[in-house]
Amino acid sequence: GMQSHLQALLSLYKLFCPEQVTITLPGKMKTYFKNSEGPWKAAITAVRQRNQGPSPLSQAVFLGTSRPQSRKRKWNAQLVIPASSTSTNHLEEGREKNQVYLYSTNESLPVEQLRTFPQLLQNMHCLEFPSQMGSVLTNPLLLHYMNCVKDESIYLRLYYWMGQMLQEECPWCVVENRYEEEFKSFLETVYKAECFLQEGLSACEEFLYKTLPLWDGFCCRSEVLRLVSWIPLSSFSDIKPYLYNPLAQLFFTSSIYFKCSVIETLKELLQNWLNCNVIQVDLEFSS
């Protein structure tokens, strides 16, 4: 019988070679195959809009996998990293704001009361992460704690939040996004957090691999290249199509300044890889 996935395959054949498929297919079917031309259409649309103004037929396309629209912001809304706040709804009353308490093992220390590094050391066993994980990017004490705990759930929460923010706000992937300066500031904050942690964040790595083929080499140039320098070490066969090939296309068609910037970025990437590898070898040797 005619199964849905077979109908989808036949409809794809009929699209490219209609003479090969003579049977009648239903007009409405579930989409099983994504449009492989999505990235090219998004890049062409972005270039056309920059050069000729907005097109009435423009449509946001993000890597051919989804079609996120730029967020409908209020007139005074901004791309803001949330402030640190505990996920506990009610705190004990009668406590002075600036006074420090050592909690028992079954209680949690709200992040609003965390002020100094000694407090972090004293309350390491009872610290509660904020309800919005994005706030750790601007909080050195929470970054210290994140680096010590190595809890997978913490990194997953930050991964999902960052992935959503990067996808929705990327100026060269979402059409009609006019918040490039805010996005620059956000990328700079992410880069500082990676330097503090001395490791790249997985959401940032995924974002770079997906968007570098669409990048024009100009928008947020310094911020993007800084993030490239923290891509985690992996095999050359994995990195080549997602990192080196897109950069090579821009390298051979850009100015001397851009060429020097790419070389400097790759040098920093190599230094970060060597430092991480030395630390890993030292840990294995000591253990």
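Preceding this paragraph is the structure being described.
Reading the values: the criteria
Residues numbered from 1 in each chain as written. Predicted model: local features only at pLDDT ≥ 70, side-chain atom pairs only at ≥ 80, totals over all residues. Heavy atoms only, no water. Helix = DSSP H or I, 4+ residues; strand = E, 2+ residues; numbered from the N terminus. Buried < 20%, exposed > 50% of the residue type's maximum accessible area, 1.4 Å probe, protein only. Contact = heavy atoms within 4.5 Å. Areas by Shrake-Rupley, 256 points an atom, 1.4 Å probe, with all protein chains shown as cover. Salt bridge = Lys/Arg side-chain N within 4 Å of Asp/Glu carboxyl O. Core = buried A, V, L, I, M, F, W, Y, C linked by side-chain atoms within 4.5 Å.

> Can you help me understand the overall build of the protein chain in this one?
Scanning the protein chain from N- to C-terminus turns up 10 helices and 0 strands. Counting all 287 residues of the protein chain, 38% fall into the buried class. For the protein chain, long-range pairs separated by at least 24 residues make up 62% of all intrachain contacts whose partners lie at least 6 apart in sequence. Surface accessibility of the protein chain: about 18000 Å² in total, with carbon and sulfur atoms responsible for 55%.

> Hey, could you run me through the pattern of salt bridges in this one?
Where charged atoms of side chains with opposite charge meet at close range, the side chains can pair. All told, the structure shown has 5 salt bridges when counted by the stated rule. Note that E180 is salt-bridged to K184, the shortest N-O span being 4.0 Å. One end of the pair is E180 and the other is K184, both in helix α6 (residues 180-197) and 4 residues apart, which spans about a single turn. In this structure K184 comes out as partly exposed when scored by relative accessible area, which is 24%. Among the ionic pairs, K184 bridges to E181, the shortest N-O distance being 3.8 Å. Note that K184 and E181 are positioned in helix α6 at a spacing of 3 residues, about one turn of the helix.

> Got a minute to help me understand the nonpolar core in this structure?
Generally speaking, soluble globular proteins have nonpolar side chains that are buried together. Within the largest apolar cluster, 58 residues are counted, with the highest numbers of intra-cluster contacts made by W172 and W215. Mapped onto this core, the elements with two or more residues apiece are α4 (140-149), α5 (152-169), α6, α7 (202-211), α8 (221-228), α9 (236-251) and α10 (256-286). The element that contributes the greatest number of residues to this core is α6, accounting for 7 residues. What W215 contacts, discounting residues up to four positions off in sequence, is W172, C220, R221, V224, L225, L247, L250 and F258.

None of the figures reported here should be taken as evidence of function without further support.
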